[in-house]
Amino acid sequence: MQTKVSRTAAGTVYDVVGSGERTLLLLHGGSGRRQWFDPMAALLSDGMRMIRPDMPGHGESAATPGSYRLEDSAAAMADVLDHFGSPRCWVVGHSHGAHVGAVLAEDRPDLVAGLVIGDAPMARDRMLAHMRSTYEINRSWRALTTLTSSERDVRDGFLALEVPTPRGTTASVADLFGERHPYVREMAASLFRHDGDFLDAVTQRFDETYRRLDAGLLDRLNVPVALLRADPADGGLLTDDDVEFVGRWVPDVRIEQLHGVGHGLQLQDPEQVAHALRKLIEGSGASGFPAPCRPSGGRQEGWSGEPCDAARVRTC
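Everything in this summary refers to the structure shown in the same document.

## Focus: the overall build of the chain
Each helix and strand counted, the chain has 13 helices and 13 strands in total. Burial statistics for the chain: of 316 residues in total, 54% are counted as buried. Of the contacts made within the chain by residues no fewer than 6 positions apart, 72% connect residues no fewer than 24 positions apart. With an accessible surface of roughly 12800 Å², the chain has 49% of that area assigned to carbon and sulfur atoms.

Okay, structure coming up:
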């Protein structure tokens, strides 16, 4: 898979893979990097052009300590799209990437044609509860970012971490996944290149970092929204209440339920995730880029471009 790697003036690195009329912006999760999408991107490269940034403080992008608010990262992603000269594109956000993508869609609707939320709770109180439940894990990851001697040291430390399982027990990463699992390799590579202050922003500066994840964010988006839900039985984050929350603000949200796939999404089953994304995006209109919902004489356009009742779209 051929890639073209570029860097913005601010130091954000991105590559471009695939070709076709449809353009996607793939946003990795927190503490990740653009290579998280490698296996899935290979399956989508025929017919889709994918822009894959390393978000600030991740991968090869410059660290920006003290500036990891959602709006900071969204501005960096807008800079990537402006630098590339991208047409309006679908934003596919995995976990934290979905929060960044939602803020990008609100702040720069001229760049965004649609948003896919990849297993990310969109209510701030739910994210706060999730942060508290994973606080010790995140602080363990933070400690691993200080191991700058070798990626191997980071991998060994990561394998030794004790983590909760979906069945309510705990186990080491080594016992759960094994050393050769793609998730283990990618997390070790990502943490070795990670600015640990991002994890401080998530765990120590939560209110500031997630200020823009307010109750009305989804309501303010004038683009189609789709939901990619991991399997709760295998570690997916989204509960039925989370799905209901999105549907409350986006009544015509499209949902794809994955099976046997946890929160790692494309790191765990790239084929199933790629198939679901094609279904969501290609099914949104003949061109794959439906017109955004926007006021038009008291009416709004939905997924198909057909008018829909503006009051229904805005009902909470």
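## Some remarks on the packing of aromatic side chains
Tallied over the full model, the rule gives 6 aromatic pairs. Consider the rings of Tyr68 and Phe198, whose centres lie 5.8 Å apart with planes at 80°: the pair is edge-to-face. Pair noted here: Tyr68 is in the loop between β4 (46-53) and α2 (70-84) and Phe198 is in helix α9 (residues 197-203), with a separation of 130 residues, a long-range link. Each member of the pair, Tyr68 together with Phe198, is buried. Here the aromatic rings of Trp141 and Phe158 are separated by 6.4 Å at their centres, their planes lie at 50°, and the arrangement is tilted. One end of the pair, Trp141, is in helix α5 (residues 135-144); the other, Phe158, is in helix α6 (residues 151-160), and 17 residues separate them in sequence. Using a relative accessible area of 13% as the deciding quantity, one classes Trp141 as buried. Each residue in the set Trp141, Phe158, Phe177 and Tyr183 is aromatic and connected to the rest through ring pairs, giving one cluster.

## A look at α6
Among all positions in α6, only Val154, Arg155, Phe158 and Leu159 are buried. Summarising the axial view, the buried residues of α6 lie within an arc of 135°, below the 170-degree limit, and thus occupy one face. Considering only its buried residues, α6 is in contact with α5, β8 (170-172), α7 (173-177) and α8 (182-192).

## Description of the pattern of salt bridges
Throughout the structure, instances matching the rule amount to 27 salt bridges. Residues Arg220 and Asp214 are paired through a salt bridge, measuring 2.9 Å at the closest nitrogen-oxygen approach. Owing to a relative accessible area of 24%, Asp214 belongs among the partly exposed residues under this scheme. The partner of Lys279 in a salt bridge is Glu256, and the shortest N-O contact between them spans 3.6 Å. Taken together, the residues Lys279 in helix α12 (residues 270-282) and Glu256 in strand β10 (residues 254-257) connect sequence positions 23 residues apart. One continuous salt-bridge network, built from bridges that share partners, spans Asp15, Arg34, Asp38, Arg52, Asp54 and Glu60.

Criteria and thresholds
- Residues numbered from 1 in each chain as written.
- Predicted model: local features only at pLDDT ≥ 70, side-chain atom pairs only at ≥ 80, totals over all residues.
- Heavy atoms only, no water.
- Helix = DSSP H or I, 4+ residues; strand = E, 2+ residues; numbered from the N terminus.
- Buried < 20%, exposed > 50% of the residue type's maximum accessible area, 1.4 Å probe, protein only.
- Contact = heavy atoms within 4.5 Å.
- Areas by Shrake-Rupley, 256 points an atom, 1.4 Å probe, with all protein chains shown as cover.
- Phe/Tyr/Trp six-rings, centres within 6.5 Å; stacked < 30°, edge-to-face > 60°.
- Arc of directions from axis to C-beta.
- Salt bridge = Lys/Arg side-chain N within 4 Å of Asp/Glu carboxyl O.

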